[in-house]
Amino acid sequence: MKSRWKRVLMLLLFSLTGTAGLYASDAIPIDSGATAWMLTSTALVLLMVPGLAMFYGGLVRSKNVLGTIMHSFVAMGIISVLWVAVGYSMAFGKNVLGGIIGWNSDYFFLKGIDTNILDAGIPEYVFSMFQGKFAIITPALIAGAFAERVSFKAYCLFITLWSLLVYNPLCHWVWASDGFLFNLGAKGAIDFAGGTVVHISAGVSGLVAALFLGSRRGYPYQVIRPNNLVITMLGAGLLWVGWFGFNAGSSISSGLSTAQALTATQVAAAAGALAWVIIEGLHQGKATALGFASGILAGLVAVTPAAGVVQPYGAMIIGILASLICYMAIQTKNKLGYDDSLDAFGIHGIGGIVGAIFLTFFIRKSWMADAAAATGGSWTMWNQLGIQAVAVLIAILFAGGMTFVIIWVLNKFVKFRSSEDEEMAGLDRTYHGERGYGMLNPS
Amino acid sequence: MKLITAIIREVQLDKVREALIEAEITRITVSRVSGHGQQRIEEMYRGQRIIPDLIPKIKIEIAVNEAFVDITIDAILKSAKTNGTEGVVGDGKIFITPLEECIRIRTGERGGKAI
């Protein structure tokens, strides 16, 4: 599927050369099967955003439920508009400024792709919108790290800047055909559906933001309980369903590689969920619903970079490892006492790293053979491990560093952190003038 | 023995609880209530400002022995006011009623030592 990607992206490259108009209008027939699946995938990935809103929304206190849900929803507004305006161009345009970012004026407001059909047989609009959904969910994931204590206005400005300065460059490096991580080593750093671009970047940025902003009032001495685990469970379910679009859609086709990714996704999620409740059962004596949901997410996050290259047994092991390591990470967080409120780093950051690193040991033989052929010599697991480690490290340092700069600068103009009174009153009342529930008892 | 019932603003709950805990009053019952006093508040509904008839409040009930009555009242007074010392219409009320009996279900103990 790397080669599929490459072909898709080669075409994007072609369309930069100014012959795009000519190229688009003729020849390439629409593959209605692939297009139908990509349309479905696009919708499925969008479904993950309300899924995330429910997942996070249920975990906060009742006074913050709408504010937390809005963190996800407002991303659908802001990032969709940004993506059409400049995001797609920055991410999938050709290298400018020495490859830090892409740009293609044809993609500016998507004005030059009206009739483009990609090599994969799908209209470029579909590919662009599919990628746009990833751009939406990534900043929304970060919000879990600093839930219940940030100003709505500052959050909106933050995700705008973060999308432009962190997501788009990273997406360009990893997924654009001329991105430097895409071309690292024999067949590039493996990030099938967004382990580094989406999960590591969101998780690490969340951690930096949580450390910068400080803990919620009363944390960790005052017990802060979820207001509604029922909607959290429903949200986790929607995320699992949506993830089939996220991973299987990332094959940008409807065929064998789609089926491989779909299977790996299902297996990793199930293994992760089971592993989590078993670990929790042994450690705490109870298998919790939230634990099951956390295991689903840990497994899904970890299989995201791997879905295209691992077989089901590999996906299963990755899911189990992800739950084990994420569980330990969250225990460590509780000891260290920093307030990554909804474990954006604990699940997405750590899970993403686990997936991106451990996938190396389960890569299909055919992929390794292709990689060896591409180098013209041999290509071992350990060579690829080095490439994966470099990609992970770059994602961590870049996302972490840029997030710090963005928040530090933003904080000079708009106070990011809510005041004590605003925090006590809750995000719903303070920033939205509404309430999520009628007469639910305070928690 | 007295039963202290305080009606306070929702947003002041955390502060009041912290003040009570500081005064070593930890046995409390909290519920969400709505009612009508002097205060009017505004909420938003699709771009319209609306003024609900009944305003949500928090009710705290605390049963105390005589020696703790003033301590409890002071803790609530100093923590339930908006703007620190000023106070704003809608900060709430405290009711104190005599408490005839108090029984701990587990042991059947009665009176002051059961509180």
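Residues numbered from 1 in each chain as written. Chains lettered and ligands numbered in written order. Predicted model: local features only at pLDDT ≥ 70, side-chain atom pairs only at ≥ 80, totals over all residues.

Structural notes on the nonpolar core
Ranked by size, the top nonpolar core spans 138 residues in total, and within it A:L52, A:L170, A:A268, A:A306 and A:I318 carry the most contacts. Looking at which element gives the most residues to this core, the answer is helix α3 (residues 32–59) of chain A, with 14 residues. When neighbours within four sequence positions are excluded, A:A306 is seen to be in contact with A:F192, A:A264, A:A315, A:I318, A:G355 and A:L359. B:I4, B:V16, B:I62 and B:I76 belong to the second largest nonpolar core, which has 13 residues in total. (Core = buried A, V, L, I, M, F, W, Y, C linked by C-beta atoms within 7 Å. Buried ≥ 20, exposed ≤ 12 C-beta atoms within 10 Å, placed from the backbone. Helix = DSSP H or I, 4+ residues; strand = E, 2+ residues; numbered from the N terminus. Contact = placed C-beta atoms within 7 Å.)

Concerning the confidence of the model for chain B
Chain-level statistics for chain B give a pLDDT mean of 89 and a share of 99% at 70 or above. Complex prediction metrics read pTM 0.87 and ipTM 0.74. (pLDDT = per-residue confidence, 0-100.)

Re the sheet that holds strand β2 (residues 29–35) of chain B
Residue and element names in this part refer to chain B. One open sheet accounts for four strands, arranged β2-β5-β1-β6; its pairing is antiparallel. Whereas interior strands pair on both sides, the edge strands pair on one side only; in this sheet they are β2 and β6 (92–98). For this sheet the average axis-to-axis angle between neighbouring strands, irrespective of direction, equals 25°. Pairing of β2 with strand β5 (residues 55–64), which is carried by seven bridges, proceeds in the antiparallel orientation. Within the sheet, the bridge partner assigned to V30 lies in β5 and is I60. Taken strand by strand, helix α2 (residues 66–80) contacts β1 (2–8), β5 and β6, and its axis lies near 5° from that of β1. (Pairing = 2+ DSSP bridges. Axes fitted to C-alpha atoms, helices over the stretch in contact; angles between N-to-C directions.)

Points about helix α1 (residues 13–22) of chain B
Regarding α1(B), the residues found buried are B:L13, B:K15, B:V16, B:R17 and B:L20. Considering only its buried residues, α1(B) is in contact with α15 (420–425) of chain A together with β1, β5 and α2 of chain B. Immediately beyond the C-terminal end of α1(B), within one or two residues, lies B:E24, with a positive phi of roughly 65°.

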